[in-house]
Amino acid sequence: ASEVPYSNTTSGLTATTVQGAIDEVVVEKVQIYNNAGFHNSIFRGKYLGTSVTAAQYTAISSGTFDDLYIGDYWAIGGANYRIAAFNYYYNTGDTALTINHAVIVPDGQLYTHGMNDTNTTTGAYVGSKMYVSGLDSAKTTINSAFSGHVVSHRNYLHNAVTSGYASAGAWYDSTVDLMTEANVYGTKHHGNATQGTNLANNIYVDKSQFPLFALNPQSINNRQSYWLRDVASSAYFAFAYGYGISHVSDASDARGVRPAFCIS
């Protein structure tokens, strides 16, 4: 028998009214879950435009994160800036961060730079050339792309090394910083955890994996090598290798700068 084309003339329904009714139900249900926990659980990966709109900033600052999900991204200045987490740092710090925010990570390296001029990890992350000046270009680029909306929060960063392991740290103002192994992999791989009877300074705010990398591991493996801020030895820092493996590299090597930051 030949197929009969669908007709809704007898019911009085149209595709528009049916879709409108469906949308009303969906919106009603989704509004119940408009919070960081719900939005952290869904990877969407939607292109959001070439700048953050006023409505999008309002959705972030209000904490509803309406129509924003993990993996969504803005394409600005030749880089894709992707949402990695919502309210990851909320209530953290020696001074609590109480601003609703989205954590952003570029898809790839913004440029390459060494952690230090020589193969040393003395001073850990805070004592590195990367921290002192190597992130300056990234900060300039990011502050231009998200002008007036980059969040400063308090973060615990390592500032001393003993026998190849991070041995001390302190609270610092953080805006744009390298990620940790935990941010990317969800655990420590090469950062020293114990040293016999000595306990390494494994104190982190960045102690768990960003939802972006948990929900879409492909985001870890971008075929580019990029630095992580964990001390691996007296000469090595941890980094994510372009071949998709966790690794270590001489501190003087030029590796990718792929930092994380928050906007609100």
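Residues numbered from 1 in each chain as written. Predicted model: local features only at pLDDT ≥ 70, side-chain atom pairs only at ≥ 80, totals over all residues. Heavy atoms only, no water.

Caption draft 1: Just the overall build of the protein chain, in detail. A tally of helices and strands in the protein chain yields seven helices and 14 strands. The buried share of the protein chain, taken over its 264 residues, is 45%. A fraction of 67% describes how many contacts in the protein chain between residues 6 or more apart in sequence connect residues 24 or more apart. (Helix = DSSP H or I, 4+ residues; strand = E, 2+ residues; numbered from the N terminus. Buried < 20%, exposed > 50% of the residue type's maximum accessible area, 1.4 Å probe, protein only. Contact = heavy atoms within 4.5 Å.)

Caption draft 2: Molecular detail of the side chain of N183. Residue position: N183 is located in helix 6 (residues 181-185). According to the relative accessible area criterion, N183 is buried, its value standing at 1%. For N183, the side chain forms a polar contact with the side chain of Y88, separated by 3.3 Å. (Polar contact = N/O pair within 3.5 Å; in protein donor to acceptor, adjacent residues only side chain to side chain.)

Caption draft 3: Highlighting helix 5 (residues 136-145). All of the buried residues along helix 5 are A138, I142 and A145. Viewed end-on, helix 5 has its buried residues packed into an arc of 60°, placing them on one side of the element. Away from its buried face, by an angle of more than 90 degrees, helix 5 presents the exposed residues T140 and S144. (Arc of directions from axis to C-beta.)

Caption draft 4: Focus on the side chain of N34. Summarising the element assignment, N34 is placed in the loop between helix 1 (15-32) and helix 2 (36-39). Of the polar contacts made by the side chain of N34, one reaches the side chain of H39; its length is 2.9 Å. Excluding residues within four positions of it along the chain, N34 makes contact with H39, G63, T64 and D66.

Caption draft 5: Structural view of the nonpolar core. Core analysis: the biggest nonpolar cluster contains 62 residues, and W74, V103, F146, M179, F210 and I263 have the highest contact counts within it. Of the residues forming this core, the biggest block, six residues, is contributed by strand 2 (residues 79-86). With near-sequence residues (within four places) excluded, F210 lies in contact with A84, A85, Y88, Y89, V103, V105, M179, N183 and A260. (Core = buried A, V, L, I, M, F, W, Y, C linked by side-chain atoms within 4.5 Å.)

Caption draft 6: Focus on the packing of aromatic side chains. Going through the model one piece at a time under the given rule, you end up with 16 aromatic pairs. With a centroid separation of 5.3 Å and an interplanar angle of 55°, the aromatic rings of F146 and F261 are classed as tilted. Of this pair, F146 sits in the loop between helix 5 and strand 5 (153-162) while F261 is found in strand 14 (residues 260-263), placing the two residues 115 residues apart along the sequence. This pair shows no difference in class: F146 is buried, exactly as F261 is. Where Y156 meets W171, the ring centres are 5.6 Å apart and the plane angle is 80°; that geometry is what we call edge-to-face. (Phe/Tyr/Trp six-rings, centres within 6.5 Å; stacked < 30°, edge-to-face > 60°.)

Caption draft 7: A look at the sheet that holds strand 1 (residues 73-76). Here five strands make up an open sheet; going across it, the order is 1-2-3-14-7 and the pairing antiparallel. Here the strands that pair on one side only, and so sit at the sheet edges, are strand 1 and strand 7 (176-177). In this structure, strand 1 lies alongside strand 2, joined through four bridges in antiparallel fashion. When the bridges of strand 2 are listed, Y73 appears paired with R82. (Pairing = 2+ DSSP bridges.)

Caption draft 8: Main features of the environment of A85. Along the polypeptide, A85 turns up in strand 2. A C-alpha to C-alpha distance of 5.0 Å links A85 and V103, two positions 18 residues apart in sequence. Discounting chain neighbours no more than four positions away, the residues touching A85 are N40, I70, H101, A102, V103, F210 and P211.

Caption draft 9: View of helix 3 (residues 54-62). Of all the positions in helix 3, only Q56, Y57, A59 and I60 are classed as buried. Seen along its axis, helix 3 keeps its buried residues to an arc of 155°; they face one direction. In helix 3, the exposed positions angled more than 90 degrees off the buried face are occupied by A54 and A55. Buried residues along helix 3 sit against strand 1, strand 3 (102-106) and strand 14. Within two residues after helix 3, G63 carries a phi angle of roughly 85°, on the positive side.

Caption draft 10: Structural view of the confidence of the model for the protein chain. A residue-level look at the protein chain finds 81% of positions with pLDDT of 70 or above and a mean pLDDT of 88. Per-residue pLDDT stays below 50 along residues 1-10; that stretch engages in three contacts with residues further than four places along the chain or on separate chains. (pLDDT = per-residue confidence, 0-100.)

Caption draft 11: Local environment of the environment of Y125. Examined against the element boundaries, Y125 turns out to sit in the loop between strand 4 (112-113) and helix 4 (129-134). According to the relative accessible area criterion, Y125 is buried, its value standing at 1%. C-alpha separation for the pair Y125 and V161, spaced 36 residues apart in sequence, amounts to 9.4 Å. Within polar-contact distance, the side chain of Y125 engages the side chain of D177 at 2.5 Å.

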